[in-house]
Amino acid sequence: MKNEIKIFSPATVANVACGFDVFGFCLDSVGDEMVIRKTDKKGIHITKIEGFDLPYEAELNVAGVSALAMYEDAKPDCGFEIEIYKHIKPGSGIGSSAASAVGSVFGMNELLGNPYSKTQLTKFAIKGEALASKCEHADNLAPAIFGGFTLVRSVSPLEILEIPSPNNLYATIIHPQIEIKTSEARAILPNEVSLQHAITQWGNFGSLIHALHTSDYDLIRKSLQDVIVEPYRGKLIPHYNDVKKATLENGALGAGISGSGPSIFALSHGLENANAVKQAMEQVYSKTGISFEIHVSKINTEGIKVL
Ligand code: HSE
């Protein structure tokens, strides 16, 4: 059995407009790399972090907390070293903390001979994710681990459903280089929603799931609406409405806030349209003076993987 493993832990888009806290999909063009190593010295030790300034103490690090949750359950007769090569900026809205949280437990599971299922790995990773967002949710973790689109039907007990991805579905993501903390973006949301908004939202969410199962791009277009969260969080993202309008005018199926922002995602039927949407986003943001990155990605149906 191997003593060391290098993994790619992908970025993800949570919520997908109408699926707040339960729905997400996996990207293939951006993610973190991590090296996990078995050691004689017991415990979890983070030995290297490149890319961003994050804590080395396992108890204070998202990857460390999820690793400790699994370590305490597995009680292996070895320890683990973790190296983190972070490419996803924390607070970007594309699952930076989730990539760290799943990377450590996925790597350790491989080195232990895969005793845990993907759902069990998600359960450990929730502990790490909660350190960052102050709340136990799995809508970035599940697509990072399973790949494709995932629906978290229940967190307790944890139940994850894999939803098919139409073959020609692409995402374009713009990441303005500002930080929005998930915990703060959650704090501005209301505790209660109106029945009328709830009816609209679950109508759209149900139809989005049906559209993904049947590769019905027109129904995806109609379903990508968020009447509950976007009205609050859209205000936190500079030029959000302009970007959304430009993507729709250029043929995107729909657009919305990626996770808790500031990233904005759009979905497209085909790569050509995803690239046109990229240009439309560029045109809006290049006038703002805010630096940004844009990624175009097919839906990554594989998820986290060994390199
Ligand atoms: N569902 C979460 C939120 C994703 O929107 O707050 C961000 O981690």
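Cut-offs and rules
Residues numbered from 1 in each chain as written. Predicted model: local features only at pLDDT ≥ 70, side-chain atom pairs only at ≥ 80, totals over all residues. Heavy atoms only, no water. Helix = DSSP H or I, 4+ residues; strand = E, 2+ residues; numbered from the N terminus. Buried < 20%, exposed > 50% of the residue type's maximum accessible area, 1.4 Å probe, protein only. Contact = heavy atoms within 4.5 Å. Pairing = 2+ DSSP bridges. Right-handed = clockwise from strand over helix to strand, strands pointing away. Axes fitted to C-alpha atoms, helices over the stretch in contact; angles between N-to-C directions. Near = heavy atom within 4 Å. Polar contact = N/O pair within 3.5 Å; in protein donor to acceptor, adjacent residues only side chain to side chain. Areas by Shrake-Rupley, 256 points an atom, 1.4 Å probe, with all protein chains shown as cover. Nonpolar A, V, L, I, M, F, W, Y, C, P; charged D, E, K, R; others polar.

With respect to the helices and strands, Leu-27 occurs in strand β2 (residues 23–39). Its relative accessible area of 1% is what places Leu-27 among the buried residues. With 275 residues separating them in the primary sequence, Leu-27 and Glu-302 have C-alpha atoms 9.6 Å apart. In this structure Leu-27 touches Pro-10, Ala-11, Thr-12, Val-13, Ile-94, Ala-171, Ile-173, Ser-297 and Asn-300, once residues within four positions along its chain are discounted.

Among the seven residues that make up strand β4 (residues 79–85), six are buried, leaving the element largely enclosed by the rest of the structure. Where β2 lies against β4, seven bridges are found, and the strand directions are antiparallel. Looking at β4, one finds that Ile-36 is bridged to Ile-82. The pairing of strand β3 (residues 43–50) with β4 spans seven bridges and is classified as parallel. Paired with His-45 across the strands is Glu-81, a residue of β4. You can see the chain leave β3, run along helix α1 (residues 62–74) and come back into β4, and the turn it takes is left-handed.

Pairing in this open sheet of four strands is antiparallel, and the strands run β8-β9-β7-β10 from one edge to the other. The sheet terminates laterally at β8 (254–257) and β10 (292–298), the two strands that pair on one side only. Recorded for the sheet is a direction-independent mean angle of 20 degrees between the axes of neighbouring strands. Where β8 lies against strand β9 (residues 264–269), four bridges are found, and the strand directions are antiparallel.

Attention shifts here to the pairing of strand β5 (residues 149–155). By the criterion of burial, β5 is predominantly enclosed, with five of the seven residues buried. Two elements, β5 and strand β6 (residues 158–163), share six bridges in a ladder whose sense is antiparallel. Opposite Val-155, over in β6, you have Leu-158 as the bridge partner. Counting the residues in the hairpin turn of β5 and β6 gives two residues.

On to the site of the ligand. In the vicinity of the ligand, the residues found are Ala-14, Asn-15, Phe-20, Asp-21, His-137, Asp-139, Asn-140, Thr-182, Arg-186, Arg-233, Gly-259 and Ser-260. Interatomic distance of 2.6 Å between a side-chain N/O atom of Asp-139 and a nitrogen atom of the ligand. Here an oxygen atom of the ligand sits 3.4 Å away from a polar atom, N or O, in the side chain of Asn-140. Starting from 260 Å² of accessible surface for the ligand in isolation, the protein chains cover 96%. Here the shell around the ligand is built from residues that sort into two nonpolar, six polar and four charged.

This part is about the environment of Asp-32. Here Asp-32 lies in strand β2. Sequence separation between Asp-32 and Ser-9 is 23 residues, and the spatial gap between their C-alpha atoms is 5.1 Å. Setting aside residues no more than four positions away along its own chain, Asp-32 makes contact with Ile-7, Phe-8, Ser-9, Tyr-85, Lys-86, His-87, Ile-88, Ser-96, Ala-99 and Ser-100. Within the structure, the side chain of Asp-32 is placed 2.9 Å from the backbone nitrogen of Ile-88, a separation counted as a polar contact.

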